[in-house]
Amino acid sequence: MKAKVQLAEGGKQVVSQSGPHMNGMTSVITSLQIHPGCSMLVSLRLVNPETLGLRAHYAFATSLSGRLGAMAHCGGQAIVIGASMGGLLAARAVAEHYDRVTVIERDELPEAPEPRKGVPQGRHLHALLARGREGLEQLFPGLTEELVAEGAVRGDSVEDVIWFNHGCCLCNTPSALVGLTMSRPFLENGVRRRLLRLPNICLRQRSEVEEPVFDHDQGRVAGVRVWSRAGADGVEALTADLVVDATGRGSRCAAWLNALGYAAPRVEKIEVGIGYMTRLYRRRPEQLNGMLGALFAACRPDWRVGVIAAQEGERWIVSLGGYLGDHPPADEEGFLEFARSLQKPDIFQVIREAEKLSPLMPYRFGTNLRRHYAELSRFPQGFLVYGDALCSFNPVYGQGMTVAIMESLALRQCLAAGTDDIARRFFRAADRLIDIPWQIAVGSDLQHPGVQGNRPARLRFFNWYIAQLFRAAQTDVVLTTRFLETLNLIRQPAALLAPRMALRVWSGNRRRARDPRPPVIRP
Ligand SMILES: Cc1cc2nc3c(=O)[nH]c(=O)nc-3n(C[C@H](O)[C@H](O)[C@H](O)COP(=O)(O)OP(=O)(O)OC[C@H]3O[C@@H](n4cnc5c(N)ncnc54)[C@H](O)[C@@H]3O)c2cc1C
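Predicted model only: the values in this text are computed from it and were never measured.

A.B. asks: Give a description of the overall build of the protein chain that names residues and reports values.
C.D. replies: The helix and strand tally for the protein chain stands at 13 helices and 21 strands. Put simply, the protein chain has 523 residues, and 55% of those count as buried. Within the protein chain, contacts between residues separated by at least 24 positions form 69% of all contacts whose residues are at least 6 apart in sequence. Roughly 22700 Å² of accessible area belongs to the protein chain as shown, and the carbon and sulfur atoms make up 51% of that amount.

What follows is the structure, given as structure tokens:
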């Protein structure tokens, strides 16, 4: 059998090749798609993986993508509900395994990077963690450069950012942690544009999914009922082999499950009662001592949060916030006073004289919320839940988008093994990767004495240890870098407890006790 593959310049090229009978076995390569926008994303549908002909293809294609072994064809039509970051990322994973993916979104999606109704948090500061940037690059190779070319600000997350917590700042040192700052709509637009370059993605805007369509005979979700405001208004049923709920924190999946006779998942909540106030300012590079951002984390004595970050268009975005009702006021003077009350004056110094580019914009975030779908013993086939609909974290830690990116990589891997038991496998994979960011968010929130929740001895020790580590890290580049790698979900928190690290923490703090400003320690 001869394999013939052609690559088209800048567009898709589909090569279909049927193999002859070999050794009495039939091998049929039904579709081999090469998506140049995705840097050699190859989908291969095959019948009989044992033939020589397939091996020839396999070797060839593997040299193109290095990932062909991870492909499996799972079905014809898939539907993703919601076209925010979660939905786009879910669609990216599903697109490798289904012939067509329709993403359904109730909003009209703006051409320009502007906030929209369905994603009200889009007006507020969104940090992309280093793990998220890396994952996005795996899903959309070259995206970092594209975003930077259009105005996103690239920097070093250790060298270019002020990190304040526990009454002190980490040291600033060159690192490999690439940070990318931009507004949330700018990032979402960039990801959407790349997704829509895939030939099998279709976007339906101004269409609201009312409920999934259930096939009672098969015990599976077989599509969705959609109410469309685009073109012909009215309710329509769309069929699908897979439906993914990426409708965010307000997902109605639990109610849908109940109505179909399934149990709803256990919900874990930690109330934080965060209130944010955000504003955009004109940015001059010399402000903030030439740094690209600063995070003043909630810590004793006042637990107030302040974040400032550079954005596309020579802008700063500033979000101030507080826990359990200690919210920044919506008036000019009150907002400035709140900034002045932070434990360091850096943000106040920038905003008291910077040109204002937006009104003050409020946001309330009540609870960390996690839905434990992985615990359910029964779940309809053909249906998944994704992104914030699974878990919504206190935004102060900037984790939600990065977790959605990691879920995309996990979903891709789960689908590569086919659709048998896919919900249980995906929910377990997602649960494992949610565990660490959840512990970071909830564990840190529980340092606040007013936040209600279980504080086992292990957590109290870990929080105490991290405060010690932070203090020692002021003058230790290794501790600083390892800590920020953990915060950026590149390393497991357990690595911070390794004996070598503990020794650095202990000796660093002993040195500090003798000399409050010892020199910075390098490896
Ligand atoms: C104030 C704030 C700040 C944040 N800051 C950060 C940060 O710094 N870094 C970070 O990584 N994360 C941050 N997050 C979290 C981040 O915004 C989310 O994790 C991310 O948007 C992924 O969410 P999602 O796509 O699952 O859901 P959402 O963003 O909530 O999107 C749901 C989408 O589904 C659509 N939809 C809903 N119902 C239907 C329906 N029935 N039919 C059709 N469409 C529907 C909505 O219109 C919307 O587009 C922050 C969150 C908040 C609230």
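A.B. asks: Report on the site of the ligand, specifying residues and quantitative values.
C.D. replies: Taken together, 33 residues lie near the ligand, and Ser84, Glu105, Ala127, Arg184 and Asp388 sit nearest. Between the ligand and the protein, one listed contact pairs an oxygen atom with a side-chain N or O atom of Arg116 at 3.0 Å. Separating an oxygen atom of the ligand from a side-chain N or O atom of His126 is a distance of 2.8 Å. When isolated, the ligand has an accessible area of 1000 Å², and the protein chains bury 95% of it.

A.B. asks: How would you summarise the pattern of salt bridges if you had to cite specific residues and measurements?
C.D. replies: Scanning all chains against the criterion turns up 32 salt bridges. The salt bridge involving Glu188 is made with Arg192; its shortest N-O contact spans 3.8 Å. Taken together, the residues span about one helical turn, with Glu188 and Arg192 both in helix H5 (residues 184–196) at a distance of 4 residues. The class of Glu188 is buried, set by a relative accessible area of 3%. Take Arg192: its relative accessible area is 8%, and that puts it in the buried class. Taken together, the shared-partner salt bridges in this structure form one network comprising Glu105, Asp107, Arg116, Arg184, Glu188 and Arg192.

A.B. asks: Report on the packing of helix H2 (residues 85–94) against H5, specifying residues and quantitative values.
C.D. replies: At a minimum axis separation of 10 Å, H2 and H5 run at an interaxial angle of 25 degrees. Regarding the angle of H2 to H5, the classification is roughly parallel. The element H2 and its partner H5 pack so that their crossing is left-handed. Residues Met85, Leu88, Ala91 and Arg92 of H2 form the contact with H5, whose participating residues are Arg184, Leu187, Glu188, Val191, Arg192 and Leu195.

A.B. asks: Explain the environment of Cys169 residue by residue, including any values.
C.D. replies: Within the secondary structure, Cys169 sits in strand E8 (residues 168–169). Given the relative accessible area of 22%, Cys169 is considered partly exposed. Spatially, the C-alpha atoms of Cys169 and Thr480 are 9.6 Å apart, while their sequence positions differ by 311 residues.

A.B. asks: Pulling in residues and values, what's your account of the environment of Arg204?
C.D. replies: When you line up the elements, Arg204 lands in strand E10 (residues 201–204). Among residues more than four places away in sequence, those in contact with Arg204 are Thr102, Val103, Ile104, Glu105, Val226, Ser228, Glu236 and Leu238. Engagement of the side chain of Arg204 in a polar contact is seen with the side chain of Glu236, the distance being 3.0 Å.

A.B. asks: Describe empty space enclosed by the protein, and please don't skip the residues or the numbers.
C.D. replies: Enumeration according to the criterion identifies 3 cavities of 30 Å³ or more in this entry. In this structure, the largest cavity spans a volume of roughly 70 Å³. Pro110, Glu114, Pro115, Arg116, Val119, Gly122, Arg184, Pro185, Glu188, Asn189 and Arg192 together form the lining of the largest cavity.

A.B. asks: Outline the sheet that holds strand E13 (residues 234–239), supporting the account with residue identities and numerical values.
C.D. replies: Pairing in this open sheet of 3 strands is antiparallel, and the strands run E11-E12-E13 from one edge to the other. Of all strands in the sheet, those with a lone pairing partner are strand E11 (207–215) and E13, marking the two edges. For this sheet, the mean angle separating the axes of adjacent strands, direction not counted, is 25 degrees. Two elements, E11 and strand E12 (residues 220–228), share 8 bridges in a ladder whose sense is antiparallel. Bridge assignment links Pro212 to a residue of E12, and that residue is Val224.

A.B. asks: Break down the pairing of strand E17 (residues 304–311) for me, with residues and values.
C.D. replies: Among the 8 residues that make up E17, 8 are buried, leaving the element largely enclosed by the rest of the structure. Where burial is concerned, the two faces of E17 agree: the one with Arg304, Gly306, Ile308 and Ala310 and the one with Val305, Val307, Ala309 and Gln311 are both buried. In this structure, strand E16 (residues 293–296) lies alongside E17, joined through 4 bridges in antiparallel fashion. From the neighbouring strand, Phe296 faces E17, where its bridge partner is Gly306. Here 8 bridges tie E17 to strand E18 (residues 315–322), and the two strands are oriented antiparallel to one another. Note that in E18 the partner of Arg304 across the bridge is Gly322. In this antiparallel pair of consecutive strands, E17 and E18, the connection spans 3 residues, and Gly313 shows a positive phi of 80 degrees.

A.B. asks: Explain helix H9 (residues 400–416) to me, and be specific about the residues and the numbers.
C.D. replies: Compared with the 24 Å implied by 1.5 Å per residue over 17 residues, the 24 Å span of H9 between its first and last C-alpha is a close match. By the criterion of burial, H9 is predominantly enclosed, with 14 of the 17 residues buried. Directly after H9, the chain includes Gly418, whose backbone phi takes a positive value near 95 degrees.

A.B. asks: Lay out a nonpolar patch on the surface in plain terms, naming residues and giving numbers.
C.D. replies: Taken together, the side chains of Phe461, Trp464 and Leu497 define a hydrophobic patch exposed on the protein surface, amounting to about 320 Å² of accessible area. Tracing the backbone shows Phe461 in helix H11 (residues 457–473).

A.B. asks: Which residues make up the sheet that holds E16, and what values do they have?
C.D. replies: Reading across from one edge, E8-E7-E16-E17-E18-E15-E19-E21 is the order of the 8 strands in this open sheet, with mixed pairing throughout. Of all strands in the sheet, those bounded by a partner on one side alone are E8 and strand E21 (391–392). Note that strand E7 (residues 161–165) and E16 share 4 bridges and pair parallel. Its bridge partner being in E16, Trp163 is matched across the sheet by Leu295. With respect to the sheet, helix H10 (residues 422–445) is in contact with strand E15 (266–282), strand E19 (361–372) and E21, its orientation differing from that of E19 by roughly 130 degrees.

A.B. asks: Quick one: what's the story with unusual backbone geometry, residue by residue and with numbers?
C.D. replies: In this structure, Pro301 follows Arg300 across a cis peptide bond, with omega equal to 5 degrees. Positionally, Pro301 belongs in the loop between E16 and E17. If you check the backbone angles, His166 has positive phi at about 50 degrees while not being a glycine. Topologically, His166 is positioned in the loop between E7 and E8. Non-glycine residue Leu324 carries a positive phi angle of around 45 degrees. As for its position among the elements, Leu324 is in the loop between E18 and helix H7 (332–341). Leu324 sits in the partly exposed class, given a relative accessible area of 38%.

Conventions used here
Residues numbered from 1 in each chain as written. Predicted model: local features only at pLDDT ≥ 70, side-chain atom pairs only at ≥ 80, totals over all residues. Heavy atoms only, no water. Helix = DSSP H or I, 4+ residues; strand = E, 2+ residues; numbered from the N terminus. Buried < 20%, exposed > 50% of the residue type's maximum accessible area, 1.4 Å probe, protein only. Contact = heavy atoms within 4.5 Å. Areas by Shrake-Rupley, 256 points an atom, 1.4 Å probe, with all protein chains shown as cover. Near = heavy atom within 4 Å. Polar contact = N/O pair within 3.5 Å; in protein donor to acceptor, adjacent residues only side chain to side chain. Salt bridge = Lys/Arg side-chain N within 4 Å of Asp/Glu carboxyl O. Axes fitted to C-alpha atoms, helices over the stretch in contact; angles between N-to-C directions. Parallel < 35°, antiparallel > 145°, perpendicular 65-115°, else oblique. Left-handed = near helix turned anticlockwise from the far one by under 90°. 1 Å grid on protein atoms, 1.4 Å probe; cavity = no way out; pocket = protein on both sides within 12 Å on 5 of 7 lines; lining within 4 Å. Points joined across faces, edges and corners; volume = space filled by probe spheres on them. Pairing = 2+ DSSP bridges. Expected span 1.5 Å × (residues − 1). Patch = residues over 30% accessible without salt bridge, like charges linked within 9 Å, V, L, I, M, F, W, Y side chains within 5 Å.

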